[in-house]
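Summary of the model geometry
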Amino acid sequence: MDLLDALSRSGDLPLAQTQLHVVVAATHCFDQTVMTTIIEKNINPLARLEHSAALVATTVTGKGLADIVTDEHRDRLKDTAPKLFELRND
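So, a few notes on the structure that sits alongside this text.

Quick notes on the rules
- Residues numbered from 1 in each chain as written.
- Predicted model: local features only at pLDDT ≥ 70, side-chain atom pairs only at ≥ 80, totals over all residues.
- Heavy atoms only, no water.
- Helix = DSSP H or I, 4+ residues; strand = E, 2+ residues; numbered from the N terminus.
- Rg over C-alpha atoms; globule rule 2.2 N^0.38 Å.
- Contact = heavy atoms within 4.5 Å.
- Areas by Shrake-Rupley, 256 points an atom, 1.4 Å probe, with all protein chains shown as cover.
- Core = buried A, V, L, I, M, F, W, Y, C linked by side-chain atoms within 4.5 Å.
- Buried < 20%, exposed > 50% of the residue type's maximum accessible area, 1.4 Å probe, protein only.
- Expected span 1.5 Å × (residues − 1).
- Polar contact = N/O pair within 3.5 Å; in protein donor to acceptor, adjacent residues only side chain to side chain.
- Salt bridge = Lys/Arg side-chain N within 4 Å of Asp/Glu carboxyl O.

**Here we look at the overall build of the protein**
Counting its regular elements, the protein contains five helices and zero strands. Helices and strands in the protein line up, N terminus first, as α-α-α-α-α. A compact globule built from 90 residues would reach a C-alpha radius of gyration of about 12 Å, whereas the protein, at 19 Å, exceeds it by more than 25%. With the C-alpha coordinates of the protein rotated into their principal frame, the extents come out at 60 × 30 × 20 Å. Long-range contacts, defined here as pairs at least 24 residues apart, represent 37% of the contacts in the protein between residues at least 6 apart. When the accessible surface of the protein is summed, it comes to about 7,700 Å², and 55% of that surface belongs to carbon and sulfur atoms.

So, in structure tokens, the structure goes:
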């Protein structure tokens, strides 16, 4: 918000016909290498990334995961992370 404040000169400069885009970035750390995670731990790292993205999406949109996810992915996500569908964004 400091950047927006500076660009608008603390509100003195009107910003007509403008859009504000927000980018959310996330990183993931694993205790071992990706190959060790997959082979030795039998953990799908992509599923972990997908779960994190789903949590961010529900938080940003204020909607439940069932409202965001398309039908083709809903059943798969319910199998791998059923608790994500129980979360509410009230």
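**Some points on the nonpolar core**
Most often, soluble globular proteins keep nonpolar side chains buried together rather than apart. Grouped together as the largest cluster of nonpolar side chains are seven residues: Ala54, Leu65, Val69, Leu77, Ala81, Leu84 and Phe85. Every residue in contact with alanine 54, bar those within four places of it in the chain, is listed here: Leu65 and Leu84.

**Side note on helix α3 (residues 45-61)**
The terminal C-alpha atoms of α3, which comprises 17 residues, lie 24 Å apart, in line with the 24 Å expected from a rise of 1.5 Å per residue. Buried residues along α3 sit in contact with α2 (34-39) and α4 (65-68). For α3, the capping residue at the N-terminal end is asparagine 44, with a side-chain oxygen 3.0 Å from the backbone nitrogen of leucine 46. Looking one or two residues beyond α3, the residue adopting positive phi is glycine 62, at roughly 75°.

**Concerning unusual backbone geometry**
Despite not being glycine, glutamine 17 shows a phi value in the positive range, around 50°. Its identity is not glycine, yet asparagine 42 carries a phi of approximately 55°, on the positive side. Along the chain, asparagine 42 turns up in the loop between α2 and α3.

**Observations concerning the environment of serine 52**
Assignment of secondary structure puts serine 52 in helix α3. Taking relative accessible area as the criterion, serine 52 reaches 24% and is therefore assigned partly exposed. Taking the C-alpha atoms as reference, serine 52 lies 15 Å from histidine 73; in sequence the two are 21 residues apart.

**Focus: the pattern of salt bridges**
Scanning all chains against the criterion turns up two salt bridges. With a closest N to O distance of 2.7 Å, arginine 76 and glutamate 50 form a salt bridge. On the criterion of sequence distance, the pair formed by arginine 76 in helix α5 (residues 71-80) and glutamate 50 in helix α3 is long-range, its members being 26 residues apart. Aspartate 71 serves as the salt-bridge partner of arginine 74, at 2.4 Å between the closest nitrogen and oxygen. Within this pair, arginine 74 and its partner aspartate 71 are both found in helix α5, separated by three residues, close to a single helical turn.

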